Amino acid sequence: MGKPVYVLNGPNLNMLGKREPAIYGRDTLADVRAKIEARAKASGVTVDFRQSNSEGELIGWVQEARDKASGIIINAGGLTHTSIALLDALQAAELPVVEVHLSNIFRREPYRHHSFVSLAATGVICGLGAKGYELAVEAMANILATAAAGRG
Ligand code: DHK
């Protein structure tokens, strides 16, 4: 087994299921985690799933990922739209990054239309609810397999 894919969740995602369900859905973060782990197994990757409300902790995990992970799937919550520090960490990690949002951020308030995370992302999935995380795992498995084939 190779290194795990870090699946990092930012502020307020611990509230999933209770928080504005019309926007974020009824799945809890534990439900999302179970779906991701099942999809990861089917895709031949392992995942390390985490959530923090703290910008510093998330940045620490991204720094750790540089050596310990094969890629990063990230829903940075509100930090998506504000955190240059998190972007800096993602760029320094030199890993494939897939950005996920449960909601379609482009149909929402204008301040959600810009993502700093996107500047470090290989791809972005938004608006597909918890399914988006499963698709992100599949996409990451493909990215990693393609890179491994390229290395021969
Ligand atoms: C989650 C959040 O917490 C918001 O701050 C983002 C994102 C959107 C989501 O859709 O998953 O704006």
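Notes on the structure in this doc start here. (Residues numbered from 1 in each chain as written. Predicted model: local features only at pLDDT ≥ 70, side-chain atom pairs only at ≥ 80, totals over all residues. Heavy atoms only, no water.)

1. Notes on the packing of helix α3 (residues 55-68) against helix α4 (residues 84-93)
Right, so step 1: Running from amino to carboxyl end, α3 crosses α4 at an angle of 10°, the nearest separation of the two axes being 8 Å. One finds that α3 runs roughly parallel with respect to α4. Residues Glu 55, Leu 58, Ile 59, Val 62 and Arg 66 of α3 touch α4, and the partners they reach there are Ala 85, Leu 86, Ala 89, Leu 90, Ala 92 and Ala 93.
Right, so step 2: Among the residues making up the contact of α3 with α4, the classes are represented as nine nonpolar, no polar and two charged. (Axes fitted to C-alpha atoms, helices over the stretch in contact; angles between N-to-C directions. Helix = DSSP H or I, 4+ residues; strand = E, 2+ residues; numbered from the N terminus. Parallel < 35°, antiparallel > 145°, perpendicular 65-115°, else oblique. Contact = heavy atoms within 4.5 Å. Nonpolar A, V, L, I, M, F, W, Y, C, P; charged D, E, K, R; others polar.)

2. Comments concerning the packing of aromatic side chains
Right, so step 1: Taken as a whole and assessed by the stated rule, the structure comprises zero aromatic pairs.
Right, so step 2: The residue whose ring lies beneath Arg 19 is Tyr 24, and the NZ or CZ to ring-centre distance is 4.0 Å.
Right, so step 3: Arg 50 extends its terminal NZ or CZ atom over the ring of Tyr 6, reaching a point 4.4 Å from the ring centre. (Phe/Tyr/Trp six-rings, centres within 6.5 Å; stacked < 30°, edge-to-face > 60°. Lys NZ or Arg CZ within 6 Å of the ring centre and 35° of its normal.)

3. Digging into α4
Since the α-helix packs 3.6 residues into each turn, any two residues three or four apart lie on the same face.
Right, so step 1: When we look at burial in α4, the residues that qualify are Leu 86, Leu 87, Ala 89, Leu 90 and Ala 93. Projected down its long axis, α4 shows its buried positions confined to an angular sector of 160°, all on one face.
Right, so step 2: Looking at the packing, one finds that the buried side of α4 touches α3, β3 (71-75) and β4 (97-101).
Right, so step 3: Once α4 ends, the next one or two residues include Glu 94, with phi positive near 50°. (Buried < 20%, exposed > 50% of the residue type's maximum accessible area, 1.4 Å probe, protein only. Arc of directions from axis to C-beta.)

4. Topic: the environment of Glu 64
Right, so step 1: Here Glu 64 is to be found in helix α3.
Right, so step 2: Residue classification places Glu 64 among the partly exposed residues on the basis of a relative accessible area of 27%.
Right, so step 3: When the C-alpha positions of Glu 64 and Ala 93 are compared, they lie 8.4 Å apart, and in sequence the two are 29 residues distant.

5. Side note on the pattern of salt bridges
Right, so step 1: According to the stated counting rule, one finds nine salt bridges in the structure shown.
Right, so step 2: Salt-bridge contacts for Glu 94 lead to Arg 66; the nearest nitrogen and oxygen are separated by 3.8 Å. Here the residue Glu 94 occupies a position in the loop between α4 and β4, and Arg 66 occupies one in helix α3, the gap between them amounting to 28 residues.
Right, so step 3: Two residues, Arg 112 and Glu 109, come together in a salt bridge whose shortest N-O distance is 2.7 Å.
Right, so step 4: Each of Arg 39, Glu 134 and Glu 138 takes part in one network of salt bridges that share partners. (Salt bridge = Lys/Arg side-chain N within 4 Å of Asp/Glu carboxyl O.)

6. Quick notes on unusual backbone geometry
Right, so step 1: Its identity as a non-glycine residue notwithstanding, Asn 12 has a phi of 75°, on the positive side.
Right, so step 2: Secondary-structure assignment places Asn 12 in the loop between β1 (5-9) and α1 (21-24).
Right, so step 3: In this structure Asn 12 comes out as partly exposed when scored by relative accessible area, which is 39%.
Right, so step 4: Although it is not a glycine, Glu 20 sits at a positive phi angle of roughly 30°.
Right, so step 5: Within the element layout of this structure, Glu 20 appears in the loop between β1 and α1.

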